[in-house]
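Working through the structure, step by step
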Amino acid sequence: MSREVTPIVQQLRARGMRVTAARSAVLEWLADYPHATVEQVHEGVSQRIGSLSKQAVYDVLNAFIDANLVQQIKPAGHPARFERRTGDNHHHLVCRSCGRIEDVDCAIGATPCLTPDHDHGFDIDEAEVMYWGVCKACRTAAVTSDDDH
């Protein structure tokens, strides 16, 4: 019985990784649910393929980070999040109220988008920017809540 060669399978093989049900499921799940926590990935993948330990999810995600298949972001005060979008130096918007995260393309200039006033001798190749605010849904909910009182 031959396995279908999906884009996920091709990506894993191109990075020299064994194709397993867990690895395929994690990549597929993250494609549909970017910026997911380990807990969210674990729950979603377990529903798709059955029993899977949380440690196995950590192991898969760490291997994917090393292979540049997944990026980890760590918004202050929030659990680490994982996404498939890698290698393009994009940034993130984080809602202070609900924690929703959205991707934001680099706004101005070439990579790394921002130039520090002094590079202290570093050869800078990336800038990490996290924008913080309140999303439209939370603002609307707050206005509606205020109107009820």
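Notes on the structure follow. Source: prediction; values computed, not measured.

Side note on the pairing of strand 3 (residues 91–95)
One face of the sheet, then the other: side chains in a regular strand alternate in exactly this way. Among the five residues of strand 3, four are classified as buried, and the element is accordingly described as predominantly covered. From the end of strand 3 to the start of strand 4 (residues 101–104), which pair antiparallel, there are five residues, and glycine 99 there has a positive phi angle of about 85°. Here four bridges tie strand 3 to strand 5 (residues 130–133), and the two strands are oriented parallel to one another. Bridge assignment links histidine 92 to a residue of strand 5, and that residue is methionine 130.

A look at unusual backbone geometry
With a phi close to 65°, histidine 35 is a non-glycine residue in the positive phi region. Structurally, histidine 35 is set in the loop between helix 2 (21–32) and helix 3 (38–49). Notably, histidine 120 is not glycine yet its phi reads approximately 50°, a positive angle. Along the polypeptide, histidine 120 turns up in the loop between strand 4 and strand 5.

Cut-off values and rules
- Residues numbered from 1 in each chain as written.
- Predicted model: local features only at pLDDT ≥ 70, side-chain atom pairs only at ≥ 80, totals over all residues.
- Heavy atoms only, no water.
- Buried < 20%, exposed > 50% of the residue type's maximum accessible area, 1.4 Å probe, protein only.
- Helix = DSSP H or I, 4+ residues; strand = E, 2+ residues; numbered from the N terminus.
- Pairing = 2+ DSSP bridges.

No statement about biological role is implied by the geometric values presented.
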